[in-house]
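Survey of secondary and tertiary structure
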Amino acid sequence: MRVRKFHVYLTFVTICTGFLIASSIELTRLRAMERQGDQQWQQEVSLNERILAEKKQTRQLEEDLLKLQRQVAEEEEKMAEHQSEAAAILNELEAARMMAGMVPVEGPGIVVTMKDNPNASNSGDVTKYIIHEQDVRLVVNELRAAGAESISINGQRVMGNSAIRCVGPTIIVNGVKSSVPFVISAIGDPATLENALNLPGGVMDILQGFVQIETAKKDLLQIPALVGDVKTQNTSS
Amino acid sequence: MLGQNRKITFILTAISVIIGVMLATQLQSTLKPEKVESRSLNELRISLQKEIEKHQNLLNDISKFEHLLYQYDTSLNERESISVMKEELARARKLAGLESAEGPGVVVRIEDMKLPPGPLGTDDGSPAGTEALPDLLIDEDLRWLVNELLVNGAKAVAINGQRLVATSAIRNVGQYIQVNTYTIRPPYEIAALGDPEVLVSGLKLSGIEETFQLANKTVVLEKRDTLTLPPFTGNQTIHYMKPVKAKGDS
């Protein structure tokens, strides 16, 4: 009887010791991890700061570039005034620059806005009701076929060698990521572009049942120049 | 009696210590927070890299225009400045895809799939592998392929000699596919400039063979050290767009 009581006490005490040892080991490990997490957090903050600084700089550079382009254009126009040969070349040059996406362009056109279906999560087959990259490609292709002269997706100029990729709810054009809604701007004859999308059995018919898609004609819209794409930089040199 | 008692005590001690340790570690492991920081850290690093890349490209662009401006300013006579303009025109035309382009790359040939010889072939003595399966290829297959090439770093692409530019559409018209409003017919040959190794492995990874198998096509990938893409020859008239001139005047 006395022995049994002793055993019970012993068991209790040893369990407690075991627990204490283990928890202290765990605690020191946890602290080390916390410190590591702290370090990571600091790294994150500093990275974020660097990204912001970098963004500020690139914005400044973009403005500088626009200013330079205007100066160049002025210089070229001055030359064109003096000489008819220069004027002819300037016309060609302006056209080629616009086609190459080297300068921002403006003109009439339409804006197509695509969104995932808000009821997607309620439906049985979610994948049917969200936008896929082939849907974006389909719209871009149709706009091109209808004579769009210049196209951008969420502010990224779409060139002949621009890759369009969807990863989850984001779209990557020219390597630049942006999220829904996908806004596709196209310069061209607004009526022709809109009609092309609205053809029976056309893009709107195919997509409208599944995702939200809207078109709006615009008298004037601007499409930025292609900036920051490594590929074109390489081919040009 | 006493010795036996000691033994039992020892065993009990050992077992209970083990149980205690197990309990504690189990409790801790359920409370342990998940490690998610490293992933977001990676993402941040990638976006910083992108931003630096963009910065670099902007600097490149700026230096090009600065150089151009300098050349205009220092040209002594009109003929010289016109030749500068012509050079700039050549550069712009190249970027726009209006000139032929050369470099290493790959050629993707999409051919009709033949009925495999053997048990699936015909038994009545007629040569197996001559009868083509129905052509199920549609425009989206080609658009997908072109996009996969571009995703893997292709700099320029041409389909059956039709260079793809910013205004190029690929679409079904009747029973054929049109590129740049020109009708192309099988077999299709897609040429792309870029790093051949990266392009080929990228295409294989994205399942190009399986995709075209569904359309009864076989795919042949060829790496080339030099490849020449023709210039874009389609419609180049511009009616609607014009350069933005007013922006940033404030």
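Keep in mind that this is a model prediction, so the values were computed, not measured.

Describing the sheet that holds strand β2 (residues 156-159) of chain B
Residues and elements named next belong to chain B. Read from one edge of the open sheet, five strands run β3-β2-β7-β1-β8, paired in antiparallel fashion. Two strands lie at the open edges of the sheet, namely β3 (162-163) and β8 (217-229), each paired on one side alone. Of the strands in this sheet, β1 (101-112), β7 (188-193) and β8 are in contact with helix α5 (residues 196-205), which crosses β8 at around 165°.

Quick word on helix α3 (residues 78-96) of chain B
Residue and element names in this part refer to chain B. If you check α3, its first and last C-alpha atoms are 27 Å apart, about what 19 residues at 1.5 Å a residue would give, namely 27 Å. Those residues of α3 not exposed but buried are Ser81, Ile82, Val84, Met85, Glu88, Leu89, Arg91, Ala92, Leu95 and Ala96. Just downstream of α3, glycine 97 is the residue with a positive phi angle, here 85°.

As for the packing of helix α3 (residues 133-145) of chain A against helix α4 (residues 190-198) of chain A
Residues and elements named next belong to chain A. Closest axis-to-axis distance for the α3/α4 pair is 9 Å, and the angle between their directions is 130°. Relative to α4, the element α3 lies oblique. α3 and α4 meet at a crossing whose hand is right-handed. Only Leu193, Ala196 and Leu197 of α4 make contact with α3, whose side of the interface consists of Val139, Glu142 and Leu143. When the residues that make up the contact of α3 with α4 are grouped by side-chain class, the tally is five nonpolar, no polar and one charged.

Digging into the packing of aromatic side chains
Residue and element names in this part refer to chain A. Within this structure, the stated rule accounts for two aromatic pairs over all chains. With a centroid separation of 5.9 Å and 55° between ring planes, the pair formed by tyrosine 129 and phenylalanine 210 is classed as tilted. Note that tyrosine 129 is positioned in the loop between β1 (105-115) and α3 and phenylalanine 210 in the loop between α5 (203-208) and β8 (212-223), a separation of 81 residues in sequence. What makes phenylalanine 210 partly exposed here is its relative accessible area of 34%.

Section: the side chain of B:Asn180
Relative to the elements of secondary structure, B:Asn180 occurs in the loop between β5 (176-179) and β6 (182-184). In contact with B:Asn180, other than residues within four places in its own chain, are B:Gln162, B:Arg163, B:Ser168, B:Ala169 and B:Phe232.

Observations regarding the side chain of A:Arg144
Assignment of secondary structure puts A:Arg144 in helix α3. There is no salt bridge for the buried A:Arg144, and the closest opposite charge comes from B:Glu140, which lies 11 Å off by N-O distance. Here A:Met159 takes part through its backbone oxygen, which lies 3.2 Å from a polar atom of the side chain of A:Arg144.

A short note on the interface of chain B and chain A
Taken residue by residue, the interface counts 86 residues in chain B and 97 residues in chain A. Interface area, chain B with chain A, both sides summed: about 8,800 Å², of which 67% is carbon and sulfur. Taken together, the links from chain B to chain A amount to five salt bridges. For B:Glu140, the salt bridge is made with A:Arg137, and the minimal N-O distance between the two is 2.7 Å. When contributions to the side of chain B that touches chain A are tallied by element, the ones reaching two or more residues are α1 (2-31), α2 (37-74), α3, α4 (139-151), β4 (170-173) and β9 (242-243) of chain B. Residue contributions to the side of chain B that touches chain A peak at 27 residues, all from α2(B). The residue inventory of the side of chain B that touches chain A, partitioned by class, reads 37 nonpolar, 22 polar and 27 charged.

What counts, and where the lines are drawn
- Residues numbered from 1 in each chain as written.
- Chains lettered and ligands numbered in written order.
- Predicted model: local features only at pLDDT ≥ 70, side-chain atom pairs only at ≥ 80, totals over all residues.
- Heavy atoms only, no water.
- Pairing = 2+ DSSP bridges.
- Helix = DSSP H or I, 4+ residues; strand = E, 2+ residues; numbered from the N terminus.
- Contact = heavy atoms within 4.5 Å.
- Axes fitted to C-alpha atoms, helices over the stretch in contact; angles between N-to-C directions.
- Expected span 1.5 Å × (residues − 1).
- Buried < 20%, exposed > 50% of the residue type's maximum accessible area, 1.4 Å probe, protein only.
- Parallel < 35°, antiparallel > 145°, perpendicular 65-115°, else oblique.
- Left-handed = near helix turned anticlockwise from the far one by under 90°.
- Nonpolar A, V, L, I, M, F, W, Y, C, P; charged D, E, K, R; others polar.
- Phe/Tyr/Trp six-rings, centres within 6.5 Å; stacked < 30°, edge-to-face > 60°.
- Lys, Arg positive; Asp, Glu negative; His and termini not counted.
- Salt bridge = Lys/Arg side-chain N within 4 Å of Asp/Glu carboxyl O.
- Polar contact = N/O pair within 3.5 Å; in protein donor to acceptor, adjacent residues only side chain to side chain.
- Buried area = accessible area lost by both parts, 1.4 Å probe.

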